[in-house]
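Commentary on secondary and tertiary structure
The chain contents come next:
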Amino acid sequence: MADNILNPTSQILTRPKAKLNLGIQWLPIGIMLVALVAIFLLVLMLGSVQIPISEVVTVLLGGEASRSTWTTIVLQVRLPKAVTAVLAGSALGVSGLMMQTFFRNPLAGPFILGISSGASLGVALVVLTAGTVGGTVLAGLGFFGDLALAGAAGLGAGLTMLIVLLIARQIRSSMTLLILGLMFGYFTSAMVSILLYFAVPERIQSYIRWTFGTFSGTTWSQLWIFVPLVVIGLIGAFILSKTLNALLLGETYARSMGLDVGRSRIAIIGITALLAGTVTAFCGPIGFVGIAVPHLARSLLGTSNHRALVPATILMGAIVALIATIVAEMPGNQIILPLNAVTSLLGAPVVIWVILRRGNVSKTFAS
Amino acid sequence: MKQIILEIHNLAIGYPKHTVATNIKQSLIAGELVCLIGPNGAGKTTLMRTLAGMLSPLAGQVSLLGDDIRKIDARTLAQRLSIVLTDRVDVGLLTGYALVAIGRHPYTDWTGSLSHDDEAMVRWAVSAVGADDLAPRPLAELSDGERQKLMIARALAQDPALMILDEPTAFLDLPRRVEVMQLLRKLARETDRAILLSTHDLDLALRHADRIWLMPKGQALTVGAPEDLVLSGAFEKAFRSEGVQFDPRTGSFRSVEQAQKEIAVVGDGVARIWTERALERAGFVITPDTDTVVYITEDGWQIKRDTLDVSIEKKSLYDVVQYLKIK
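Let me begin by describing the structure that accompanies this report. (Residues numbered from 1 in each chain as written. Chains lettered and ligands numbered in written order. Predicted model: local features only at pLDDT ≥ 70, side-chain atom pairs only at ≥ 80, totals over all residues.)

The subject of this paragraph is the overall build of chain A. Scanning chain A from terminus to terminus reveals 16 helices and zero strands. Considering chain A as a whole, with its 367 residues, one finds that 47% of them fall into the buried category. Restricting the contact set of chain A to residue pairs at least 6 apart, pairs at least 24 apart contribute 78%. (Helix = DSSP H or I, 4+ residues; strand = E, 2+ residues; numbered from the N terminus. Buried ≥ 20, exposed ≤ 12 C-beta atoms within 10 Å, placed from the backbone. Contact = placed C-beta atoms within 7 Å.)

Right, here's the structure in full:
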């Protein structure tokens, strides 16, 4: 024993299992990948018109479906929608995960720092006041309207991010930051309420429609902006895994292990804002996914290690978003439900079940 | 001569508008367990935070392995110094092993992957604190004492020259406190690190520390072997307050009773020690020169009083004390 103590390396090393060094748990990841591909194909098949899987695969492989409308539907409508859902779900899940770890709070989500509130204010300003400023009505949802909405939301989210980052550089306590984020949210919703109060009903309707959220609004040309931004954010989150692990113990311990907490905070908030802001700009404020998905990933993997959690959350977010898309479109029907309503309707019971089964939130998460 | 790990030159600690202590000169050498003791509000935490580089000194300098602690970069500092805090950390779904592995943070690259050496170090740290059986278990299932062991292992996995622990025994029951203190002493000696810890557990500190840093409120830091400080009366001075007195004979505090009566004890061994303790607690002063005597017998105690010829027999110390209290 004394020998052991004196010389750490003299110990005979019994490596339990040959672990892959990335720390990823391959079995759950594999299962989720298979599920993701299956649901992705389902999204391409289902909708107001059902398309057989063989036809979908043919189109995806570059062939022509037996009916030309099917080719158009798959390539121009459903594929962009599915890609958007995959990336939006991943982005929201990962930014929720980062916020939950950063604030050590299981109720934190991507929008906790007011990013969606900022985006809402941007959109509200454009939609509700456009008529009085420029005379053109953006409420008709043409391509220009969509892009203007995305631009307004992106600008709102970006400005919010800038303000939050500036404040984050000054403030040492993350709890203060959390409260400031909440207050900022109240402030912007108040502004939106005032705008709504004075707006004409048609404009209000357009604004409300934006708040419902959708994955169907993105065209291929928009995906050229959307995809790179989200992918950069996801890579950034993966790089931050080590930092996030150190922060599991709280900022004091993290600092004592050599982490530059100030710089890490800027990086975490910056990447969260990039991910959540981009999604909000293109899809509207999609609630719930960002809070629920990290919990699902955590209890599936049974670990808080971010090296494993980040990839799992990416996959889980994509799966959840795709399922929500299918449900929202009510296959075989012309009705389309608001996406935001569907994510919460589906997600809330699942999360309740997961947490009750675990018995305690603090066990499913660091609190 | 053992290696000097930490040197404190003319240090003044505190906050911009409030100086806590000045002119501290001390050093820590390898293999030494030092306990920082002092009443609440004396500035123990401020001193520890300053020594850990988490708080800037108001004046003076702290050097760790010869370098000014304010000038060492964060990563190198983390490789030389690790901390364990009082607050219980809830990290969620991690195993004991994964928690200790986080301690390798200052050694791993950006991916955080553990090399062979890192894993060897983690495994060594786990077994050095005797937590092999805890390593595969989820933290949520572990008791406070078991978590504390793992937190110490995590600090050890940083492979530091100096470990600073803020009240590591605060939330533990007595057997666990003794265990943690023994563990820390063993680690200091056998791995040749310096360990500085703050504690309110005077008794444990007296028994385990190689040196004690005694920090009385508003006075200079007094340093020495526990026994030296007892003999010089430094403890009595530091903790002097109404109602509590440091007893240099037992090395513990006792409450000061007003009118003390004298009593003699006849007998030997363990029974004598505990009989004296019970009587002292009841407010008696043990002295051979008195007429009231307690005899320790085969099957109990006999009390003989000056005014009476008869002796009274009692089966338990509780009864002895109760009887004497009434008289």
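Okay, back to it.
Attention now goes to the pairing of strand β13 (residues 261-266) of chain B. Residue and element names in this part refer to chain B. For β13 and strand β14 (residues 284-286), the ladder comprises three bridges, and the chain directions are parallel. Its bridge partner being in β14, Lys 261 is matched across the sheet by Phe 284. The parallel pair β13 and β14, bridged by helix α10 (residues 269-281), forms a crossover whose chirality is right-handed. With three bridges connecting them, β13 and strand β15 (residues 293-297) associate as parallel partners. Paired with Ala 264 across the bridge in β15 is Val 293. (Pairing = 2+ DSSP bridges. Right-handed = clockwise from strand over helix to strand, strands pointing away.)

Turning our attention to the sheet that holds strand β7 (residues 162-166) of chain B. The strands making up a sheet associate through hydrogen bonds between their backbones, and the pairing can be parallel or antiparallel. Residues and elements named next belong to chain B. Strand order in the open sheet formed by six strands is β6-β7-β8-β3-β9-β10, with mixed pairing between adjacent strands. Each edge of the open sheet is held by one strand with a lone partner, namely β6 (81-84) and β10 (222-224). Ignoring strand direction, the axes of neighbouring strands in this sheet form an average angle of 15 degrees. Note that β6 and β7 share four bridges and pair parallel. By the bridge assignment for β7, Ile 83 is matched with Ile 164. In this fold helix α5 (residues 144-157) packs onto β6 and β7, with an angle of close to 170 degrees to the strand it touches most, β6. Contacts from helix α6 (residues 174-191) reach β3 (33-37) and β8 (194-198) within the one sheet, and its direction differs from that of β8 by about 155 degrees. (Axes fitted to C-alpha atoms, helices over the stretch in contact; angles between N-to-C directions.)

Residues and elements named next belong to chain B. Strand order in the open sheet formed by five strands is β14-β13-β15-β16-β17, and the pairing between neighbours is mixed. Looking along the sheet, the strands with just one partner apiece sit at the ends: β14 and β17 (311-314). Sheet twist, expressed as the average angle between the axes of neighbouring strands with direction ignored, equals 30 degrees. The sheet contact formed by β15 and strand β16 (residues 300-304) spans five bridges and is antiparallel. Note that in β16 the partner of Val 294 across the bridge is Ile 303. Across the sheet, α10 lies against β13, β14 and β15, angled at about 145 degrees from β14, the strand it touches most.

Okay, the packing of helix α4 (residues 68-103) of chain A against helix α13 (residues 289-301) of chain A next. All names here are of chain A. Close contact between α4 and α13 brings their axes to 7 Å; oriented N to C, the two are set at 75 degrees. As judged from the angle between their axes, α4 and α13 are roughly perpendicular. Of the residues in α13, those in contact with Gly 89, Leu 92, Gly 93, Ser 95, Gly 96, Leu 97 and Gln 100 of α4 are Val 289, Gly 290, Ile 291, Val 293 and Pro 294. Within the contact of α4 with α13, the residues separate by chemical class into six nonpolar, six polar and no charged. (Parallel < 35°, antiparallel > 145°, perpendicular 65-115°, else oblique. Nonpolar A, V, L, I, M, F, W, Y, C, P; charged D, E, K, R; others polar.)

All names here are of chain B. Although it is not a glycine, Asn 23 sits at a positive phi angle of roughly 60 degrees. With respect to the helices and strands, Asn 23 occurs in strand β2 (residues 18-29). A positive phi angle is found at Leu 65, which is not glycine, with a value near 50 degrees. Structurally, Leu 65 can be placed in the loop between β4 (59-64) and β5 (67-68). Taking the number of C-beta atoms within 10 Å as the measure of exposure, Leu 65 has 16 and is therefore partly exposed.

The next subject is helix α2 (residues 26-45) of chain A. Residue pairs spaced three or four apart in an α-helix point in one direction, given the helix's 3.6 residues per turn. Residue and element names in this part refer to chain A. With 20 residues, α2 should cover 28 Å at 1.5 Å per step; its first-to-last C-alpha distance of 29 Å lies within 8% of that length. Of the residues making up α2, those classed as buried are Met 32, Ile 39, Val 43 and Leu 44. For α2, the arc enclosing every buried residue in end-on projection is 140 degrees, short of the 170-degree limit, so these residues lie on one face. Along α2, the residues that are exposed and aim more than 90 degrees away from the buried face are Trp 26, Leu 27, Gly 30, Ile 31, Val 34, Val 37 and Ala 38. Taken together, the buried residues of α2 touch α3 (53-60), α4 and α14 (306-329). (Expected span 1.5 Å × (residues − 1). Arc of directions from axis to C-beta.)

With that settled, the discussion passes to the pairing of β7(B). Residues and elements named next belong to chain B. Here β7 lies mainly inside the structure; five of its five residues are buried. With burial as the criterion, each face of β7 is covered, one bearing Leu 162, Ile 164 and Asp 166 and the other bearing Met 163 and Leu 165. Inspection of the sheet shows β7 paired to β8 by five bridges, in the parallel sense. Along β8, the bridge assignment pairs Ile 164 with Leu 196. Of the crossover connections in this fold, the one passing from β7 over α6 to the parallel β8 is right-handed.

Residues and elements named next belong to chain A. Two numbers describe how helix α9 (residues 220-239) lies on helix α12 (residues 261-283): the axes approach to 9 Å, and their chain directions differ by 155 degrees. Compared by their axis directions, α9 and α12 come out roughly antiparallel. Helix-helix and strand crossings are classified by hand; for α9 and α12 the assignment is left-handed. Taken together, the residues of α12 that come into contact with α9 (itself represented by Gln 222, Phe 226, Leu 229, Val 230, Gly 233, Gly 236 and Ala 237) are Ile 271, Leu 274, Leu 275, Thr 278 and Phe 282. Split into classes, the residues belonging to the contact of α9 with α12 amount to eight nonpolar, four polar and no charged. (Left-handed = near helix turned anticlockwise from the far one by under 90°.)

Bringing the environment of Lys186(B) into the picture now. Residue and element names in this part refer to chain B. Considering the arrangement of structural elements, one finds Lys 186 in helix α6. Given 18 C-beta atoms within a 10 Å radius, Lys 186 is considered partly exposed. Note: C-alpha distance between Lys 186 and Asp 289 (103 residues apart in sequence) is 44 Å.

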